[in-house]
Amino acid sequence: LELKDSYYNMKERILPHMELIHRAEDAMRKAGVEPRIVPIRGGTDGARLSYQGLPCPNLCTGGGNFHGIHEFVSADAMGKMVRVLVELSRA
């Protein structure tokens, strides 16, 4: 058996770049979304990219009940995230 780490906690890679979080919070407020900061380990892609030098904080997915038979995504939440991304691109 060969064991390799492949999925790391992103916190240590995001903390030096908190301006990313602050910009996302500002964009959310401008888009009419109240930010809710919930620490998570991170998505596979974001964790990998963060550890390769490109900090990738998770913004939102609009979904719920992840990795189960009742997983879903809300069209309303996705629409809100489009507005957030537009605001981020303007910043």
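Keep in mind that this is a model prediction, so the values were computed, not measured.

K.L.:
Quick question: what am I supposed to make of the overall build of the chain here?
P.N.:
When its secondary structure is counted, the chain shows four helices and two strands. When its helices and strands are written in sequence order, the chain yields α-α-α-β-β-α. Expressed as lengths along the three principal axes of its C-alpha atoms, the size of the chain is roughly 50 × 35 × 20 Å. By the burial criterion, 23% of the 91 residues in the chain qualify as buried.

K.L.:
Even after reading the chapter, I still don't get the side chain of Glu-87, so can you show me in this structure?
P.N.:
Looking at the secondary structure, you find Glu-87 in helix α4 (residues 75–90). Taking the relative accessible area as the measure of exposure, Glu-87 reaches 17% and is therefore buried. Here Arg-90 takes part through its side chain, which lies 3.1 Å from a polar atom of the side chain of Glu-87. Ignoring anything within four residues of it in the chain, the contact list for Glu-87 reads Ala-27, Lys-30 and Ala-31.

K.L.:
Teacher, can you tell me more about the nonpolar core here?
P.N.:
Nonpolar side chains tend to gather and get buried jointly when the protein is soluble and globular. Residues Ala-27, Met-28, Ala-31, Val-33, Met-81 and Val-84 constitute the largest nonpolar core, which totals six residues. Elements represented by at least two residues in this core include exactly α2 (18–30) and α4. Not counting residues up to four positions away in its chain, the partners in contact with Val-84 are Ala-27, Met-28, Ala-31 and Val-33.

K.L.:
How do you make sense of the confidence of the model for the chain when you look at a structure like this?
P.N.:
Keep in mind that low pLDDT regions are not for reading the predicted coordinates in detail. Taken residue by residue, the chain gives an average pLDDT of 88. The fraction at 70 or more is 97%. Confidence scores differ between elements of the chain, with helix α3 (residues 44–51) showing the lowest mean pLDDT of 84 and α2 the highest of 95.

K.L.:
Before we go on, may I ask you to explain the side chain of Ser-50 in this structure?
P.N.:
Structurally, Ser-50 is set in helix α3. A relative accessible area of 3% places Ser-50 in the buried class. There is a polar contact of 2.8 Å between the side chain of Ser-50 and the backbone oxygen of Gly-46. Once residues lying within four places of it in the same chain are set aside, the contact partners of Ser-50 are Met-10, Arg-13, Ile-14, Pro-55 and Cys-56.

K.L.:
Looking at this model, I keep getting lost on α2. Mind explaining?
P.N.:
Note that an α-helix has 3.6 residues per turn; residues three or four places apart therefore point the same way. Compared with an ideal rise of 1.5 Å per residue, which puts 13 residues at 18 Å, α2 spans 19 Å between its outermost C-alpha atoms and is within 8% of the ideal. Among all positions of α2, only Ile-21, Ala-24, Glu-25, Ala-27 and Met-28 are buried. Summarising the axial view, the buried residues of α2 lie within an arc of 165°, below the 170-degree limit, and thus occupy one face. Count one or two residues on from α2 and you reach Gly-32, which has phi positive near 80°.

K.L.:
Looking at this model, I keep getting lost on the packing of α2 against α4. Mind explaining?
P.N.:
Relative placement of two packed helices is described by the angle separating their axes and the distance separating the axes. Viewed as axis vectors pointing N to C, α2 and α4 meet at an angle of 120°, and their least axial separation amounts to 8 Å. Here α4 runs oblique to α2, going by the angle between their axes. Crossing of α2 over α4 shows right-handed handedness. The segment α2 lies against α4, with Arg-23, Ala-24, Ala-27, Met-28 and Lys-30 engaging Val-84, Glu-87 and Leu-88. The class makeup of the residues in the contact of α2 with α4 is five nonpolar, no polar and three charged.

Rules used throughout
- Residues numbered from 1 in each chain as written.
- Predicted model: local features only at pLDDT ≥ 70, side-chain atom pairs only at ≥ 80, totals over all residues.
- Heavy atoms only, no water.
- Helix = DSSP H or I, 4+ residues; strand = E, 2+ residues; numbered from the N terminus.
- Buried < 20%, exposed > 50% of the residue type's maximum accessible area, 1.4 Å probe, protein only.
- Polar contact = N/O pair within 3.5 Å; in protein donor to acceptor, adjacent residues only side chain to side chain.
- Contact = heavy atoms within 4.5 Å.
- Core = buried A, V, L, I, M, F, W, Y, C linked by side-chain atoms within 4.5 Å.
- pLDDT = per-residue confidence, 0-100.
- Expected span 1.5 Å × (residues − 1).
- Arc of directions from axis to C-beta.
- Axes fitted to C-alpha atoms, helices over the stretch in contact; angles between N-to-C directions.
- Parallel < 35°, antiparallel > 145°, perpendicular 65-115°, else oblique.
- Left-handed = near helix turned anticlockwise from the far one by under 90°.
- Nonpolar A, V, L, I, M, F, W, Y, C, P; charged D, E, K, R; others polar.

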